[in-house]
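Coordinates in review
Chain residues, written in single-letter form:
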Amino acid sequence: MKTANRRHFLKSFLGLAATAISTAVISVIPGFARRCQAVTAAAPARDLAGYNSRRHLYSYIIDLHKCIGCGSCVQACNRENDVPPDFFRTWVERYQSGPGSEKAHIDSPDGSLYGFPAATAGVTGVTKAYFVPKMCNQCSEPPCVQVCPFGASYKSPDGVMLVDRDRCMGCGYCVQACPYAARWINPLTHVADKCTWCYHRISKGLQPACVLACPTLTRRLGDLRDPYDPINKTLEEERMGVLQPHLLTKPKCYYIGLDKEIR
Amino acid sequence: MMETIGYVFPNDLHITWSLMIVIYPYITGLVAGAFVVSSFYHVFGIRQLRPVARFSLIASLAFLLVATWPLLNHLGHPLKGVNVILTPLFESAMAGFGFLYTGYLFILLLEVWLVFRKDIIVYAKRTRGWRQRFYRILSLGVYDISEEALQTDRKVTTFLAAIGIPSALMLHGYVGFLFGGIKANPYWSNPLMPIIFIFSAVVSGIAAIIILYQVIMKLKGFVIDRACIDTLCAWLWLFLIVTVSLELLAEISLAYAKAEDWEIVHQLLQGPLKFSYLGLQMVMGALVPFILLGFIVLMKRSMGDKVTNTLSFTAAGLLLIQVFSMRWNVVIGGQMISKSLSGLRELYVPGMFEKEGVVAAALIMVVPFIILLLAEKFFPMFKFSEEQTREFQDSSAPGD
Amino acid sequence: MEHTKHLWRAVLLLLAVILLYVLGRVLVVSVLYPSYGEFGPYRGDSLREEMAREVRHGTGKNVCGTCHGEMVEDFLARAHMDINCETCHAPLVTHVRFDDIQEFLADPGNYERTGEMEIQHAKDLCIRCHESQPAKPPRFPQVVIVDHLQEMGVENSADVCLDCHDPHDPEM
């Protein structure tokens with residue numbers, strides 16, 4: 001190799017080496033620091049007002065035998081969470097089928113914000129009908145978190161999917177990925193929005209607004225990590241279903257009395 | 001009130017991905033397709049494509065520079081998009097965008113620079129003023145255009161063109177995977193998606209090059225190279241056959257399995273999407289060009305230049321529409337299926353002057369052509385001998 | 001290897017850009033998002049921000065009972081006893097302003113009324129639950145309102161239900 005070329009080669013080699021080493025060092029240090037933090041992380045003091053999110057894991061049960069379709073939950077949620085009109089963090093659907101119908105007739109007028117009208121045009125001879133409250137299922141294997149490009153949609157340590165409003169860019173990928181249509185882009189904030197199981201309430205030991213509002217005890221939120229919570233017994237002993245189980249999103253909303261028509 | 005068929009979830013009444021998300025894969029498809037045309041010459045040595053090799057490289061770059069615009073226009077908070085390169089989480093297909101885009105951009109810039117380096121240095125010496133400064137910067141301070149240097153350049157170009165192919169295909173293919181990975185949507189969830197997108201992209205790329213090549217040659221008064229057109233048409237025909245076969249296969253598989261997905265997808269394709277799927281994507285956009293290109297390829301010897309040029313121009317135009325309608329059907333059609341799998345939203349009609357409307361899309365699509373016009377001023381993309389020019393000017397017989 | 005000076009320069013330029021990116025990324029993330037990675041691949045502060053959202057509903061009748069003790073006592077023995085007051089009225093915060101729910105719950109008696117509690121008289125509120133429908137559980141008390149009014153010989157009006165029923169003691 002001629003001297004000039006050797007110089008070039010050395011320069012470039014040094015440049016490459018410098019890049020590689022600094023990349024490695026800089027990438028490793030924060031990770032290392034974080035791991036040191038994590039080791040000492042039995043300390044709960046990192047959360048707000050002494051709430052240790054790692055000590056809880058929430059789950060939700062909906063008893064479809066009890067829902068009367070009054071929409072009080074929808075109203076309470078809207079009031080608690082500034083939900084814009086025509087969007088829903090929670091909603092109720094009505095299924096009606098008769099002996100001749102192959103599929104149930106499904107409707108949800110305004111998400112049942114004002115309840116349901118008694119009669120539905122063109123639906124007669126109803127033999128089976130029921131209401132189904134819906135919301136974010138807070139899946140254990142959430143497709144919405146999987147598709148978020150940089151963690152603006154994330155899973156909290158206590159099992160709730162939340163949106164980082166400061167970082168979400170409103171791309172809508174999570175909205176497309178949710179099989180339950182629980183997510184939407186807020187027309188005012190232009191970021192993704194969804195039911196959070198009233199995280200600001202449950203992290204203070206309160207019930208979500210929808211659970212509080214329900215007049216027939218249809219909805220129930222429990223803590224799987226609390227040995228005294230009756231929800232554990234219910235989940236262990238009662239028969240219940242989840243929505244779209246074949247997608248294996250492992251929802252944490254369990255339905256008692258689920259019907260084959262319900263998606 | 002929103003027109004719906006069947007039951008649509010309350011939150012599904014709002015469409016999230018608009019016309020902007022239709023033109024984004026269209027543009028990256030053109031990027032990948034144009035690059036593949038260029039690589040046909042630089043890597044596979046298809047000599048007949050020499051006339052368009054340099055041009056398609058710049059065309060790829062021109063579309064690449066505009067590729068992020070529809071995305072930025074669509075985002076609720078475009079500036080926060082920078083997080084994609086700050087804290088990407090690679091379980092998301094979208095997270096790949098930052099690196100796939102910049103990776104391919106670097107490869108393309110390097111290849112363009114090497115292909116045009118001789119001209120850059122010649123101009124650096126010949127021009128004066130700010131133009132000279134511009135070329136000098138591009139030369140990186142090295143003015144070596146000896147035969148050995150150019151040989152090395154050619155070798156590196158071949159290498160770049162080779163690694164550029166998977167890079168360009170990844171840049172477009174990840175979009176296909178982005179859709180294909182969504183198990184919640186029966187029209188999208190399909191392992192063939194990335195492959196369909198890639199082959200479809202090459203179709204659009206070749207079609208665009210055919211059209212642009214003919215237009216530019218006509219404007220400049222140069223001869224349209226028959227062999228070049230014939231070769232482009234042959235490859236276009238091949239890729240068209242594969243693309244449409246894959247597109248059809250995707251739906252035929254669903255129809256055969258008669259599972260939950262087909263139940264709602266066939267309602268979509270036979271209902272609101274009938275015109276754009278059957279009419280545009282399949283019949284007018286695929287069958288007709290298939291026949292036209294079939295004539296061109298199979299009856300090569302008995303077709304005159306003018307007939308070939310006209311037929312190929314028409315076929316290419318129809319194919320550009322086909323590929324656009326395919327993107328439209330996937331993006332908009334897919335969103336019309338409610339997650340309830342029991343209903344369809346009404347057809348989305350983009351407004352004219354909305355933020356993400358027709359005029360915005362048209363403006364974005366025009367910019368690459370403006371870039372090409374500007375590029376022509378600085379980098380000669382079509383270099384022809386005096387002889388060829390005289391040949392054209394002398395010929396007086398029409399329809400040769 | 002000769003005549004390759006320009007290539008090395010291009011490579012160096014590329015490496016410089018990559019190095020700038022790597023350095024820049026770490027700097028920007030640690031400055032803009034210091035809590036990133038605290039609990040997982042997201043900003044830890046976001047969790048805190050979500051927790052700090054305004055709480056508007058209270059925790060049920062017991063809280064209302066602080067000032068409306070008698071009404072709540074009576075209510076607790078009646079047919080509507082499982083229903084939270086706010087369901088038919090309005091969120092607590094519209095009636096008694098509080099900044100921190102936990103502080104409020106520790107000593108609710110210390111808070112003053114800051115607004116009128118919404119009271120709905122219109123029958124729409126009653127109908128939502130009690131209008132008969134096939135989809136409602138059969139054992140739930142429901143009537144076809146029109147028939148019920150006819151049966152009772154009562155003229156329909158905007159707040160007709162209140163003519164006979166007290167929402168806090170609805171059974172006749």
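Calculation criteria
- Residues numbered from 1 in each chain as written.
- Chains lettered and ligands numbered in written order.
- Predicted model: local features only at pLDDT ≥ 70, side-chain atom pairs only at ≥ 80, totals over all residues.
- Helix = DSSP H or I, 4+ residues; strand = E, 2+ residues; numbered from the N terminus.
- Rg over C-alpha atoms; globule rule 2.2 N^0.38 Å.
- Buried ≥ 20, exposed ≤ 12 C-beta atoms within 10 Å, placed from the backbone.
- Contact = placed C-beta atoms within 7 Å.
- Nonpolar A, V, L, I, M, F, W, Y, C, P; charged D, E, K, R; others polar.
- Pairing = 2+ DSSP bridges.
- Axes fitted to C-alpha atoms, helices over the stretch in contact; angles between N-to-C directions.
- pLDDT = per-residue confidence, 0-100.
- Arc of directions from axis to C-beta.
- Parallel < 35°, antiparallel > 145°, perpendicular 65-115°, else oblique.
- Left-handed = near helix turned anticlockwise from the far one by under 90°.
- Core = buried A, V, L, I, M, F, W, Y, C linked by C-beta atoms within 7 Å.

1. Quick look at the overall build of chain B
From N to C terminus, chain B includes 15 helices and two strands. Over its C-alpha atoms chain B spans a radius of gyration of 23 Å, differing by no more than 12% from the 21 Å that the globule rule assigns to 400 residues. Counting every position in chain B, which comprises 400 residues, the buried fraction comes to 49%. In chain B, once contacts between residues fewer than 6 apart in sequence are set aside, the share between residues at least 24 apart is 79%.

2. Side note on the overall build of chain C
Per the secondary structure count, chain C includes nine helices and zero strands. In sequence order, chain C lays out its α and β elements as α-α-α-α-α-α-α-α-α. The C-alpha atoms of chain C give 31 Å as radius of gyration, which overshoots the globular expectation for 172 residues (16 Å, by more than 25%). By its C-alpha atoms, chain C is 110 × 45 × 25 Å across when sized along the principal axes. Long-range pairs, those at least 24 residues apart, make up 52% of the contacts in chain C with a sequence separation of at least 6.

3. Structural notes on the interface of chain A and chain B
Taken together, the contact pairs 34 residues of chain A with 32 residues of chain B. Of all the elements in the fold, those that place two or more residues in the side of chain A that touches chain B are strand S3 (105-107), helix H3 (143-147), helix H4 (173-177) and strand S7 (184-185) of chain A. When residues of the side of chain A that touches chain B are assigned to their parent elements, the largest contribution, four residues, is made by H4(A). By residue class, the composition of the side of chain A that touches chain B is 23 nonpolar, eight polar and three charged.

4. Some details on the sheet that holds S3(A)
Residue and element names in this part refer to chain A. Taking strand neighbours across the sheet as the criterion, the three strands line up as S3-S2-S4 in an open arrangement whose pairing is antiparallel. Every other strand in the sheet has two partners, leaving S3 and strand S4 (128-135) as the edge strands with one partner each. The sheet shows a mean angle of 20° between the axes of neighbouring strands, direction not considered. The pairing of strand S2 (residues 90-97) with S4 spans eight bridges and is classified as antiparallel. Each bridged residue has a counterpart across the sheet, and for Ser97 the counterpart in S4 is Lys128. Across the face of the sheet, helix H2 (residues 72-81) comes into contact with S2 and S4 while running at roughly 160° to S2.

5. Observations regarding the sheet that holds strand S10 (residues 253-256) of chain A
Residue and element names in this part refer to chain A. Overall, mixed pairing links the three strands, which are arranged S9-S1-S10 in an open sheet. Either end of the sheet is taken by a strand with one partner, and the two such strands are strand S9 (219-223) and S10. For this sheet, the mean inter-axis angle between neighbouring strands, taken without regard to orientation, is 25°. Direction of pairing for strand S1 (residues 58-63) relative to S10: parallel, over a ladder of four bridges. Each residue of the ladder has a partner; that of Ile62, found in S10, is Tyr255.

6. Re unusual backbone geometry
Although it is not a glycine, A:Asp82 adopts a positive phi angle of roughly 55°. By the element assignment, A:Asp82 lies in the loop between H2 and S2.

7. Overview of the interface of chain A and chain C
Taken together, the contact between chain A and chain C spans 56 residues of the former and 50 residues of the latter. Listed by contribution, the elements that provide at least two residues to the side of chain A that touches chain C are helix H1 (3-39), H2, S2, S4, helix H5 (199-202) and helix H6 (209-213) of chain A. Top element by residues in the side of chain A that touches chain C is H1(A). It accounts for twelve residues. A class-by-class count of the residues in the side of chain A that touches chain C yields 24 nonpolar, 19 polar and 13 charged.

8. Considering the pairing of S2(A)
A regular strand places its side chains so that they alternate between the two faces of the sheet. All names here are of chain A. The buried count for S2 comes to eight of eight residues, which makes it a mostly enclosed element. Going residue by residue along S2, you find Thr90, Val92, Arg94 and Gln96 tucked away on one face and Trp91, Glu93, Tyr95 and Ser97 tucked away on the opposite face as well. Of the pairings in the sheet, the one linking S2 to S3 comprises three bridges and is antiparallel in character. Counterpart to Gln96 in the pairing with S3 is His105.

9. Quick look at the confidence of the model for chain C
Considering every residue of chain C, the mean pLDDT works out to 92; 99% of them sit at 70 or more. Predicted complex, confidence summary: ipTM 0.91, pTM 0.90.

10. Concerning helix H6 (residues 117-126) of chain B
An α-helical segment advances 3.6 residues per turn. Residues three or four places apart therefore align on the same side. All names here are of chain B. Considered for burial, the residues of H6 that qualify are Arg117, Ile120, Ile121 and Tyr123. Axial view of H6: buried residues confined to an arc of 165°, hence all on one face. On its buried face, H6 sits against helix H5 (96-115), helix H7 (129-138) and helix H8 (147-180).

11. Let's talk about the packing of helix H9 (residues 193-220) of chain B against helix H13 (residues 305-336) of chain B
Residues and elements named next belong to chain B. Look at H9 against H13: their axes get within 8 Å of each other, and the N-to-C directions meet at 140°. One way to sum up the angle between H9 and H13 is to call them oblique. Relative to H13, the crossing made by H9 is left-handed. On H13, the residues touching Ser200, Val203, Ser204, Ala207, Ala208, Ile210, Ile211 and Gln214 of H9 are Asn309, Ser312, Phe313, Ala316, Gly317, Leu319, Leu320, Val323 and Met326. The residue makeup of the contact of H9 with H13, split by class, is eleven nonpolar, six polar and no charged.

12. Observations concerning the packing of helix H2 (residues 50-66) of chain B against H9(B)
Residue and element names in this part refer to chain B. Orientation of H2 relative to H9, taken along the N-to-C sense of each, is 115°, at an axis distance of 11 Å. Here H2 lies roughly perpendicular to H9, going by the angle between them. Seen along the crossing, H2 lies across H9 with a hand that is right-handed. Contacts between H2 and H9 pair Val52, Phe55, Ser56 and Ala59 from the former with Ile209, Leu212 and Tyr213 from the latter. Counted by class, the contact of H2 with H9 contains six nonpolar, one polar and no charged residues.

13. What to know about the nonpolar core
A general tendency of soluble globular proteins is for nonpolar side chains to be buried together. In this structure, B:Val31, B:Phe63, B:Val203, B:Ile206, B:Ile209 and B:Leu236 are the most contacted members of the largest nonpolar core, which totals 205 residues. Ranked by the residues each element gives to this core, the list is headed by helix H1 (residues 19-42) of chain B, at 17 residues. Residues C:Val63, C:Cys64, C:Leu92 and C:Val93 belong to the second largest nonpolar core, which totals five residues.

14. Structural notes on the confidence of the model for chain B
Of all residues in chain B, 95% attain a pLDDT of 70 or more, and the chain-wide mean is 92. Counting interchain partners and residues more than four positions distant, the pLDDT-below-50 stretch residues 394-400 of chain B has five contacts.

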